[in-house]
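Descriptive analysis of the structure
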Amino acid sequence: MTQHLSDAEPITPPRRRRRVTTLAIGGSLIAVLLLVALFAPWLAPFDPNAQLMSARLLPPSELHWFGTDGFGRDLFSRVLYGARPTLLLVSLILLLTIPVGMLIGISAGYLGGWTERVLMRITDIFLSLPNLVIALALVAMLGPGLLNGALALALTSWPPFARQARAETLALRRSDYLAAARMQGINGLRLMFGHILPLCMPSAVVRAALSLGGIILASAGLGFLGMGVQPPTAEWGSMVAEGSKVIFDQWWVAAAPGGAILFASLAFNLTGDGLRDRLDTRHGH
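Remember, it's a predicted structure, so these values are computed and weren't measured experimentally. (Residues numbered from 1 in each chain as written. Predicted model: local features only at pLDDT ≥ 70, side-chain atom pairs only at ≥ 80, totals over all residues. Heavy atoms only, no water.)

All right, on to the overall build of the chain then. Within the chain, the secondary structure is distributed over eleven helices and zero strands. Ordered by position in the sequence, the α and β elements of the chain form the string α-α-α-α-α-α-α-α-α-α-α. Rg of the C-alpha trace for the chain: 25 Å, well past the compact-globule value of 19 Å for 285 residues, more than 25% over. When its C-alpha atoms are laid out on the principal axes, the chain stretches across 90 × 75 × 30 Å. Within the chain, the fraction of its 285 residues that count as buried is 44%. Accessible surface, the chain as shown: approximately 16,300 Å² in total, 66% of it carbon and sulfur. Here the chain carries 22 positive and 16 negative side-chain charges, and the mean point of each set is 11 Å from the other. (Helix = DSSP H or I, 4+ residues; strand = E, 2+ residues; numbered from the N terminus. Rg over C-alpha atoms; globule rule 2.2 N^0.38 Å. Buried < 20%, exposed > 50% of the residue type's maximum accessible area, 1.4 Å probe, protein only. Areas by Shrake-Rupley, 256 points an atom, 1.4 Å probe, with all protein chains shown as cover. Lys, Arg positive; Asp, Glu negative; His and termini not counted. Charge placed at Lys NZ, Arg CZ, Asp CG, Glu CD.)

A word on the packing of helix α3 (residues 75–111) against helix α7 (residues 159–173). As a packed pair, α3 and α7 sit with axes 7 Å apart at the nearest point and diverge in direction by 35°. Read as a crossing pair, α3 and α7 show a hand that is right-handed. Between α3, through Thr97, Ile98, Gly101, Met102, Ile104, Gly105, Ile106, Ala108, Gly109, Tyr110 and Leu111, and α7, the contact on the second element is made entirely by Phe161, Ala162, Ala165, Arg166, Thr169, Leu170 and Arg173. Grouping the amino acids of the contact of α3 with α7 by side-chain chemistry returns eleven nonpolar, five polar and two charged. (Axes fitted to C-alpha atoms, helices over the stretch in contact; angles between N-to-C directions. Left-handed = near helix turned anticlockwise from the far one by under 90°. Contact = heavy atoms within 4.5 Å. Nonpolar A, V, L, I, M, F, W, Y, C, P; charged D, E, K, R; others polar.)

Moving on to unusual backbone geometry. Its identity as a non-glycine residue notwithstanding, Leu57 has a phi of 60°, on the positive side. Examined against the element boundaries, Leu57 turns out to sit in the loop between α2 (40–43) and α3. Exposure remark for Leu57: the relative accessible area of 17% places this residue in the buried category.

Inspection of the secondary structure assignment puts Ala83 in helix α3. Between the alpha carbons of Ala83 and Leu43 there is a distance of 12 Å; along the sequence they are 40 residues apart. Setting aside chain neighbours within four positions, we find Ala83 in contact with Leu33, Ala37 and Trp236.

Let us now look at the nonpolar core. The biggest cluster of nonpolar side chains holds 53 residues, and the ones touching the most others in it are Leu33, Ile93, Met102, Leu153, Ile196, Trp236 and Phe268. Setting aside chain neighbours within four positions, we find Phe268 in contact with Ile30, Leu33, Leu87, Ala209, Leu212, Gly213 and Ile216. (Core = buried A, V, L, I, M, F, W, Y, C linked by side-chain atoms within 4.5 Å.)

To continue, consider the packing of aromatic side chains. The tally for this structure, following the rule as stated, stands at five aromatic pairs. Ring geometry for Phe126 against Trp158: centres 5.4 Å apart, planes inclined by 55°, an arrangement best described as tilted. Pair noted here: Phe126 is in helix α4 (residues 113–127) and Trp158 is in the loop between α6 (146–155) and α7, with a separation of 32 residues, a long-range link. Owing to a relative accessible area of 7%, Trp158 belongs among the buried residues under this scheme. (Phe/Tyr/Trp six-rings, centres within 6.5 Å; stacked < 30°, edge-to-face > 60°.)

Below, the discussion takes up the UniProt feature "domain: ABC transmembrane type-1" (unreviewed entry) in the chain. In the numbering adopted here, UniProt assigns the feature "domain: ABC transmembrane type-1" (unreviewed entry) to residues 83–272. With 82% helix and 0% strand, the stretch residues 83–272 has end C-alpha atoms that lie 19 Å from each other. (UniProt positions renumbered as here; feature names shortened; annotations may be inferred.)

Another aspect to go through is the side chain of His195. Mapped onto the elements of the fold, His195 is located in helix α9 (residues 188–224). The exposure class assigned to His195 is buried, which follows from its relative accessible area of 16%. With sequence-adjacent residues up to four places away left out, His195 is seen in contact with Tyr177, Leu178, Ala181, Ile186 and Arg190.

Turning to the side chain of Ser265, a few remarks are in order. Looking at the secondary structure, you find Ser265 in helix α11 (residues 252–279). For Ser265, a relative accessible area of 7% translates into the label buried. Sequence-distant contacts of Ser265, defined by excluding residues within four places in its chain, comprise Gly213, Ile216 and Leu217.

Now the structure itself:
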């Protein structure tokens, strides 16, 4: 007995396997980092600043997963809390660098002439300065602290955004898109920030994501040298500096915050690579 075609089960196409992308991995790691910073008071088993000299320099165990430091403080709790100043510093730097860099770059590319020459020469001067050295000099003058460290690092972090925005503005200045906008009577600031800025933002987002790994390392460098967030606040760079004194005997004191710095830098670097592949058609598939 044959079965009619109408009664036959429909043929469903095979499902496409979802490919795990670099952006998905990086975004997942950043989500973990944000959740750790947000819920640190509930995730940390101990007070990060509570000192117990009888428990100093204990190796990793069931009670202290990452061991303890020279003051008997639980390293796992301090690593969790250390994500907070790091992410706050990164956020402050981005809020300072992206608007300044985009404003200077778009203005130079759109206005041209002597305005472009002056702005680009200023950009070249700041671009030639060594980031960490200038940041150390500024923090030494302003005083150590989270806000001063963000200002110091932001001062030398905006030039790449300005140069990229200028290059894209020059390419867009004679495009048909902007010509059509001018025909409708759109000029000046409205054209610059209403039409050019949205077209330059994707590349700025990619550059910001790619630069965050270096910014995290620079902020950790400030903390390592005692110019960042001051003790007893948990900060990864200063924790590595404390652990470097006993690194050969009690390696876990420096390894725990060092692994956290590696985790954060890897997360932002993977996200930047994924955003570049997604937003930049030259790298897309």
